[in-house]
Amino acid sequence: MELTPTDYNILDAIASGKVEPGTSPRHFVDYCDNVIGGNPQPLIDAGYIDADPYISGLTEKGKQALADRQK
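Residues numbered from 1 in each chain as written. Predicted model: local features only at pLDDT ≥ 70, side-chain atom pairs only at ≥ 80, totals over all residues. Heavy atoms only, no water.

(A) Spatial organisation of the pattern of salt bridges. A full pass over the atoms with the stated rule returns 1 salt bridge. With a closest N to O distance of 3.5 Å, glutamate 60 and lysine 63 form a salt bridge. Note that glutamate 60 and lysine 63 are positioned in helix α4 (residues 60-69) at a spacing of 3 residues, about one turn of the helix. (Salt bridge = Lys/Arg side-chain N within 4 Å of Asp/Glu carboxyl O. Helix = DSSP H or I, 4+ residues; strand = E, 2+ residues; numbered from the N terminus.)

(B) Spatial organisation of the side chain of aspartate 7. Examined against the element boundaries, aspartate 7 turns out to sit in helix α1 (residues 5-15). Within the buried set, aspartate 7 has no salt-bridge partner at all; the shortest N-O distance to an opposite charge, 10 Å, is to arginine 69. (Buried < 20%, exposed > 50% of the residue type's maximum accessible area, 1.4 Å probe, protein only. Lys, Arg positive; Asp, Glu negative; His and termini not counted.)

(C) Seen up close, α1. Turning to α1, its buried residues are Asp7, Tyr8, Ile10, Leu11, Ala13 and Ile14. Phi for glycine 17, located one or two positions after α1, is positive at around 90°.

(D) Representation of the nonpolar core within the structure. Counting residues in each nonpolar core, the largest one holds 18 residues, and the members touching the most others are Leu11, Phe28 and Ile49. Going through the elements one at a time, α1, α2 (25-36), α3 (41-45) and α4 are the ones with two or more residues in this core. Among the elements that make up this core, the one with the highest residue count is α1 (5 residues). Look past the residues within four positions of phenylalanine 28 in its chain and what remains in contact with it is Ile10, Ile14, Val19, Thr23, Pro40, Ile44, Ile49 and Ile55. (Core = buried A, V, L, I, M, F, W, Y, C linked by side-chain atoms within 4.5 Å. Contact = heavy atoms within 4.5 Å.)

Structure follows, in structure tokens:
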């Protein structure tokens, strides 16, 4: 999966604490749609975001994607 700038904004929202652990995935999808303008579901499905049963942070894959982008 090739990540878009919007995907990175979604990952950054979690990493920076704009989206707190314990947020329901449904609320997170609404937040992303309204504030960021993107859908986080593909990132959840691809294993970048730990969202079972609630958003609890980025997976190692998600953390690595952000780290790679910043290089």
